[in-house]
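So you can see what is in the structure, the chains are spelled out below.
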Amino acid sequence: MDATKLTPADHTEPATSPADVISCIQLSDGQVAGELTGGGYSIELTEFLKRAKAKNLRAILDITLWGWGRISLGIGLFALFPGLVSYLIAILFVSSGMGILVALSHESQHSALLRSKKWNDLVGAWLCAYPVGSVYGASRAVHLAHHKYLNTSQDPDRHFHSEEDKATPEQFAKYFLKLLCGGQLWTSIIVNGFLRRATHDSASFQSEPVKSAPTSSESNGRARAHSEANISVASSMERIPSSPSAERRRKHPEILNLVPVQAVIFSLLWLATGLWWAYFALWLVPIFTLGTFLGYLRGFIDHARLESDDANRSSGRLISVPHPSLFDRALLTGLDFHFHAEHHFFPAVPHYYLPELHEVLQKEPAFRDRYLIRPTYFSFLRDYWRQISAKSRNQIR
């Protein structure tokens, strides 16, 4: 397999020695990041990882202001000035705010939202995931598997960023039009919500260890010499979710947790607008149309490749967009997850540290030479469309 396993943890058990920490980061050509950096991380990266911890106040600000604040602004606009134009604007604001909540739920899945593991999971599930229709436990199991098996046939998200079924303008348009029309409903609600039990997924995704590259005795010696640096890396690794035991205690499918949350939202929207159907028009419509479309569009751009991309840098499908446009930020990346490659290297680093992590990794060839930099999200879409359009025209000829 053309596998690239680039996370500092394999989502099973934390590494118990400095050498283990290094060998957890396996690159596509079998080399180990620790070997490429002289047996350990640089002092600058080590010091960064020591302080790149979750900030509780920042999490509260992100959830209330950027997430629920945007949503409230859109709903308030429609409540004060009901009409078609205000409704369309409200849909944009609500979809954007939902995207923020999804991103924060994703951060919680990596135990990077709040310092307390208990509150990290509770807030991530009940205030971020369940309101937007995401089944937190099942979503976490799938997402951790995506990190573990990125760029392999075992990646459960592979079809989202694969170009194979989006290789012509017709296929590309049909794929995303289907998402815009609620085409992900079956997978999101039935498969992930009812058919896929988090007990099974978590156990299966966490049972198979990452096969790390062999470490020579010389490399082990260098690792011991850099023990302080590597211990700090171990401390930055993700806390392992306790979902298997939690799921065994649960007597009902997790998707049923969405019912009381959605009931509260239904009541609040009715109260705010005076319209019983506001929940369906202002909440369910964004979830199953524009919200789904924008989420999967970003997921495609985060890992998709162009034929003109550098072969070495693109081999792991790791991509960052350091300077997204205002349009990108408004619709696709309201927080800092446009530094997506950096997130895959160090998933436990909170999003507000990712810009600094980018600057640090750009100074280290072991990381810098392993991922692509895009100008903007929509510039990639333009280039990709031109690529598949040109290929289609050539095939017709």
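All chains use their own residue numbering, which begins from 1 and follows the written sequence. Local features in this predicted model are restricted to residues of pLDDT 70 or higher, and side-chain atom pairs are both shown and tallied only at a pLDDT of 80 or more, whereas totals for entire chains, interfaces and linings draw on every residue. For side-chain calculations, the full set of non-hydrogen atoms in the structure is used, while hydrogens and water are omitted.

S.K.: Just checking my understanding: could you explain the packing of helix α4 (residues 56-80) against helix α15 (residues 258-273) for this structure?
M.R.: The description of two packed helices rests on the angle between their axes and on the distance between the axes. Axis lines are fitted to C-alpha atoms, over the contacting stretch for helices. Their N-to-C directions set the angle, which ranges from 0 to 180 degrees. Think of it this way: any DSSP run of H or I at least four residues long counts as a helix, any run of E at least two long counts as a strand, and we number them from the N terminus. For the pair α4 and α15, the least separation of the axes is 9 Å and the interaxial angle reads 40°. When the axes of α4 and α15 are compared, the pair comes out oblique. Between α4 and α15, the contacting residues are W68, I75 and A79 on the first element and I265, L269, A272 and T273 on the second. Classes in brief: Ala, Val, Leu, Ile, Met, Phe, Trp, Tyr, Cys and Pro nonpolar; Asp, Glu, Lys and Arg charged; the others, Gly included, polar. Classifying every residue of the contact of α4 with α15 gives six nonpolar, one polar and no charged. Angular relationships are summarised with four words: roughly parallel below 35 degrees, roughly antiparallel beyond 145, roughly perpendicular across 65 to 115, and oblique for the angles in between. The contact criterion used is simple: two residues touch if any of their non-hydrogen atoms lie within 4.5 Å.

S.K.: Would you mind showing me how to read the pattern of salt bridges here?
M.R.: Pairing is possible between side chains that carry opposite charge, provided their charged atoms lie close to one another. A pairing counts as a salt bridge when a side-chain nitrogen of Lys or Arg comes within 4 Å of a carboxyl oxygen of Asp or Glu. Scanning the model with the defined rule gives 14 salt bridges in all. Put simply, R298 and D302 hold a salt bridge, and the shortest N to O gap is 3.7 Å. Of this pair, R298 and D302 both sit in helix α17 (residues 290-303), four residues apart, which is roughly one turn of the helix. The partner of R374 in a salt bridge is D309, with the nearest N and O atoms 2.9 Å apart. Here R374, found in the loop between β2 (372-373) and α23 (377-396), pairs with D309, found in the loop between α17 and α18 (311-314); they are 65 residues apart in sequence, far enough to count as distant. Exposed residues in this analysis have more than 50% of their type's maximum accessible area, buried residues have under 20%, and partly exposed residues fall in between, with area computed by a 1.4 Å probe over protein chains only. Note on R374: relative accessible area 6%, which makes it buried. Ionic contacts of the salt-bridge type, sharing partners, join the residues K117, D121 and R140 into one network.

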